[in-house]
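Chain by chain, the residues:
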Amino acid sequence: MPATLFDLHGKRALITGAGRGLGLAMARGFGQAGATVILNDLAADRLEQAVAALAGEGLAAHGSCFDVSNAEAVRREVPALLRRIGPVDILVNNAGIHRRAPLEELEEAAWQEVLNTNLSGAFYVAKQVVPGMIGRRAGKIINICSVMSEVGRPTVAPYMASKGGLKMLTKAMALEWARHNIQVNGIGPTWMATELNRPLMDDPEFDAFVRRRVPAGRWGDPRDMVGTAVYLASAASDFVTGQVIYLDGGTLSAL
Ligand code: GCO
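Our subject in this report is the structure included herewith.

Quick notes on the rules
- Residues numbered from 1 in each chain as written.
- Predicted model: local features only at pLDDT ≥ 70, side-chain atom pairs only at ≥ 80, totals over all residues.
- Heavy atoms only, no water.
- Helix = DSSP H or I, 4+ residues; strand = E, 2+ residues; numbered from the N terminus.
- Expected span 1.5 Å × (residues − 1).
- Contact = heavy atoms within 4.5 Å.
- Buried < 20%, exposed > 50% of the residue type's maximum accessible area, 1.4 Å probe, protein only.
- 1 Å grid on protein atoms, 1.4 Å probe; cavity = no way out; pocket = protein on both sides within 12 Å on 5 of 7 lines; lining within 4 Å.
- Points joined across faces, edges and corners; volume = space filled by probe spheres on them.
- Nonpolar A, V, L, I, M, F, W, Y, C, P; charged D, E, K, R; others polar.
- Near = heavy atom within 4 Å.
- Polar contact = N/O pair within 3.5 Å; in protein donor to acceptor, adjacent residues only side chain to side chain.
- Areas by Shrake-Rupley, 256 points an atom, 1.4 Å probe, with all protein chains shown as cover.
- Pairing = 2+ DSSP bridges.
- Right-handed = clockwise from strand over helix to strand, strands pointing away.
- Core = buried A, V, L, I, M, F, W, Y, C linked by side-chain atoms within 4.5 Å.

1. Considerations on helix 2 (residues 44-56)
Phase 1: The terminal C-alpha atoms of helix 2 lie 18 Å apart, and with 13 residues this matches the ideal 18 Å at 1.5 Å per residue to within 8%.
Phase 2: Residues of helix 2 that are buried sit in contact with helix 1 (21-32), strand 2 (36-41) and strand 3 (61-65).
Phase 3: In the segment just after helix 2, G58 is the residue with positive phi, at about 85 degrees.

2. Notes on unusual backbone geometry
Phase 1: For R137, which is not glycine, the phi torsion reads 50 degrees and is therefore positive.
Phase 2: For R137, the location among the structural elements is in the loop between helix 4 (108-136) and strand 5 (139-144).
Phase 3: Of note, the phi angle at T155 is positive, near 80 degrees, even though the residue is not glycine.
Phase 4: Structurally, the position occupied by T155 is in the loop between strand 5 and helix 5 (157-177).
Phase 5: For T155, a relative accessible area of 28% translates into the label partly exposed.

3. Thoughts on the layout of surface pockets
Phase 1: In this model, the largest pocket occupies a volume close to 790 Å³.
Phase 2: Contributions of two or more residues to the lining of the largest pocket are made by helix 1, strand 2, helix 4 and helix 5.
Phase 3: By residue number, the principal contributor to the lining of the largest pocket is helix 1, which donates three residues.
Phase 4: Residue classes in the lining of the largest pocket are distributed as 17 nonpolar, 14 polar and ten charged.
Phase 5: Estimated volume of the second largest pocket: approximately 210 Å³.
Phase 6: Around the second largest pocket, the lining comprises 15 residues; the ones closest to its centre are K11, K140, A233, A235 and D238.
Phase 7: Considering only residue class, the lining of the second largest pocket consists of four nonpolar, five polar and six charged.

4. Here's the deal with the site of the ligand
Phase 1: Lining the immediate surroundings of the ligand are H98, R100, S146, M148, R153, V156, Y159, P189, T190, W191, N197 and L200.
Phase 2: H98 places a side-chain nitrogen or oxygen 2.9 Å from an oxygen atom of the ligand.
Phase 3: Separating an oxygen atom of the ligand from a backbone N or O atom of P189 is a distance of 3.2 Å.
Phase 4: Summarising the interface, the protein chains cover 98% of the accessible area of the ligand, which totals 330 Å² for the free molecule.

5. Side note on the environment of R99
Phase 1: Here R99 is to be found in the loop between strand 4 (90-93) and helix 4.
Phase 2: With a relative accessible area of 31%, R99 lands in the partly exposed category.
Phase 3: For the pair formed by R99 and P158, sequence separation is 59 residues and the distance between their alpha carbons is 7.3 Å.
Phase 4: The residues touching R99, leaving out its near neighbours within four places in the chain, are L106, A110, E113, V114, T155 and P158.
Phase 5: A polar contact is formed between the side chain of R99 and the side chain of E113, at a distance of 2.8 Å.

6. Structural notes on the pairing of strand 3
Phase 1: Direction of pairing for strand 2 relative to strand 3: parallel, over a ladder of five bridges. Within strand 3, the residue paired with D41 across the bridge is C65.
Phase 2: Each parallel crossover has a hand, and the one from strand 2 via helix 2 to strand 3 is right-handed.

7. So, the environment of L175
Phase 1: Its place among the elements puts L175 in helix 5.
Phase 2: Owing to a relative accessible area of 64%, L175 belongs among the exposed residues under this scheme.

8. Quick notes on the pairing of strand 5
Phase 1: Counting buried positions over the six residues of strand 5 gives six, a clear majority of the element.
Phase 2: Neither face of strand 5 is open: one carries G139, I141 and N143, the other K140, I142 and I144, and all of them are buried.
Phase 3: Of the crossover connections in this fold, the one passing from strand 4 over helix 4 to the parallel strand 5 is right-handed.
Phase 4: When strand 5 meets strand 6 (residues 182-189), the two strands line up parallel, connected through six bridges. Within the sheet, the bridge partner assigned to N143 lies in strand 6 and is G186.

9. Focus: the nonpolar core
Phase 1: Membership of the largest hydrophobic core comes to 31 residues, with the highest contact counts inside it found for F30, V37 and L39.
Phase 2: Among the secondary structure elements, those contributing two or more residues to this core are strand 1 (12-15), helix 1, strand 2, helix 2, strand 4, strand 5 and helix 8 (226-233).
Phase 3: In terms of residue count, helix 1 provides more of this core than any other element does, five residues in total.
Phase 4: With sequence-adjacent residues up to four places away left out, V37 is seen in contact with A13, I15, A27, F30, G31, L54, A60, A61 and H62.
Phase 5: By size, the runner-up hydrophobic cluster in this structure holds 29 residues, among which are V78, L115, L119 and V125.

Structure representation (structure tokens):
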């Protein structure tokens, strides 16, 4: 097997929502695989700390602070980062939020916020990055879906709808951009030990539920994302597109 199959040297990767959690873990993994990483986050201080941490580990890291759900900000900030840092070869649409409530009590604004960030944001950022990929006839886009692209539970309707939509947006991007040698795939994590899930992890009942419901018997760790993300970002997956790989410890295989 050529050593370069999973090598990301010479590549630039933009990861949204990378100030912590899954995004930061993937950014670190891409950097360790040789990529120059551009971390995006909405929180400037969190972003600055994350970039400094990766730089402190000897990785090539930059930051770009913008709200993926704001189309105008994306239209302004992404071209600016392309001019400042160079073309993006790998895009990971990872930024995601939750607004948990019984559907009949959910405010319209909360619904809109989740859909705009988790689903529309992926389109807004890809729209700015893909012209360069088309011009170079090469690109990798990874959309962070969820087991909730397939199944769900009460009180998380906007998240389920956004992640289900993101699965189909992944397929739409894949079928439209395959002819340009751009591969678009998804990663669908199960319950992961991140700040998004802190309230659930701190709830002994929910913690016990996850440990029963996930056949692997544990919460996912952000580091569990890295191998699949590097695979989908590298030449190893050049003929794979439109797929969602579920990093779920067996969740979707069990009732
Ligand atoms: C919840 C959780 C889930 C998962 C997420 C992982 O409220 O049940 O946040 O939504 O953690 O789907 O992708």
